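# Structural characterization, general
Each chain, letter by letter, is given below.
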Amino acid sequence: MIKLYSFQPIFVWESLLELGIWTSHFDLKKLILFQWGENEEQDELLDDMFYQAYLWLIKEMKSQKITNISNSNNLIWAWYHWNNNKQKKPDKRFKSVKNFCGSEEFVMLELEIEDDTRVSLHGYDAWHCVLNNFLLEINEEKGEEIEKHIKKQKKEFMLLNGVDKTYDFSLIEEREILSKSWRQIFNINNQHEYLECEKLDYSIQATIFEIFYTDVVKVHFFNSERKEKILKIKR
């Protein structure tokens, strides 16, 4: 059994009450906008790094055979370790928690997922290498070698095809190299090697394809004034 904490708009809880299941039906770009905020700079990121990063994660989850009963092509995010191994549950006093969903009502769902094949766990900080299209490599010298190789391939391709052409060929090779390095985010026991911190002293996030009403053990309601009400689910 895996314990998770997921922040969601109030309508997610309403859907769980009505249908017994929530699977994100948002268009993927709309989902990213909802999570990161909507402005011109974010729009550019959507078409560049963020959108591709989310697609990569979905593809990896499917290759890991993460259970997807609803056949969803979208993600639901949650926390496994919010801060570290000792502080797994999000601290509701933090602004990052209270500012979720702007001024709208939202919930924090406490979930107990009985089937761990439904959950993909990955390092929160390491995930930002995927978001920002960075190489994830512990060995600094090896990382520099790989980056030099990528730059060389790009330069050769540009000389061959002209600077106004796209990087199609070199990007395919670069993507394969980066993707291989990114898969290390799923090894949640060695994230300290990248972050230079104590073992398990880091944040671990989770992604799933659906939430069932039966997964929910407690609901924390936050109104527009951020006053909290807690509902414990009786089984």
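A brief report on the enclosed structure follows. Starting afresh in each chain, residues are numbered from 1 along the sequence in its written order. In keeping with the model being predicted, local features are shown solely for residues with a pLDDT of at least 70 and side-chain atom pairs are shown and tallied solely at 80 or more, while totals for entire chains, interfaces and linings include all residues. Each side-chain value is worked out from all heavy atoms of the structure, with water and hydrogens disregarded.

In this section: a negative patch on the surface. Together, Glu14, Glu18, Glu104 and Glu105 line one region of the surface with negative charge. Each helix corresponds to a stretch of at least 4 residues labelled H or I by DSSP, and each strand to a stretch of at least 2 residues labelled E; elements are numbered beginning at the N terminus. Tracing the backbone shows glutamate 105 in the loop between α4 (95-98) and β4 (106-113). Any residue with relative accessible area above 30% and no salt bridge may belong to a patch, with like charges joined within 9 Å and the nonpolar Val, Leu, Ile, Met, Phe, Trp and Tyr side chains within 5 Å. Surface accessibility in these figures is a Shrake-Rupley result with a 1.4 Å probe; residues are shielded only by whichever protein chains are displayed. Take a side-chain nitrogen of Lys or Arg and a carboxyl oxygen of Asp or Glu: if they are within 4 Å of each other, that pair is a salt bridge. Charge counting follows a simple rule: Lys and Arg are positive, Asp and Glu are negative, and His as well as the terminal groups are ignored. The atoms used to mark charge sites are NZ of Lys, CZ of Arg, CG of Asp and CD of Glu.

In this scheme Phe, Tyr and Trp rings, the latter by its six-membered ring, pair at centre separations within 6.5 Å, and the angle between planes marks the pair as stacked below 30 degrees, edge-to-face above 60, and tilted otherwise. The final tally for this structure, using the stated rule, is eleven aromatic pairs. With centroids separated by 6.3 Å and ring planes inclined at 80°, the aromatic side chains of tryptophan 13 and phenylalanine 221 adopt a geometry described as edge-to-face. Of this pair, tryptophan 13 sits in helix α1 (residues 10-19) while phenylalanine 221 sits in strand β8 (residues 216-222), and the two are 208 residues apart along the sequence. Each member of the pair, tryptophan 13 as well as phenylalanine 221, is classed as buried. Judged by centre distance (5.2 Å) and plane angle (55°), the rings of tryptophan 79 and tyrosine 124 are tilted. With a gap of 45 residues between them, tryptophan 79 in strand β3 (residues 76-81) and tyrosine 124 in helix α5 (residues 124-131) connect regions that are remote in the sequence. With a 1.4 Å probe rolled over the protein chains alone, any residue whose accessible area is under 20% of its type maximum counts as buried; one over 50% counts as exposed, and the rest are partly exposed.

Attention shifts here to the pattern of salt bridges. Counting across every chain of the model gives five salt bridges. When the shortest N-O distance is used, the salt bridge between arginine 118 and aspartate 215 registers 2.7 Å. Separated by 97 residues along the polypeptide, arginine 118 in the loop between β4 and β5 (120-123) and aspartate 215 in the loop between β7 (211-212) and β8 bring together distant segments of the chain. Residue classification places arginine 118 among the buried positions, given a relative accessible area of 7%.

Quick look at the side chain of histidine 81 now. Following the sequence through the fold, histidine 81 ends up in strand β3. The residues touching histidine 81, leaving out its near neighbours within four places in the chain, are Gln87, Lys88, Tyr202, Ser203 and Ile204. By definition, residues are in contact when any of their heavy atoms lie within 4.5 Å.

Right, let's get into α5. An α-helical turn contains 3.6 residues, so any two residues separated by three or four positions project in the same direction. For α5, the full list of buried residues reads Ala126, Trp127, Cys129, Val130 and Leu131. Positioned one or two residues after α5, asparagine 133 has a phi angle of 65°, which is positive.

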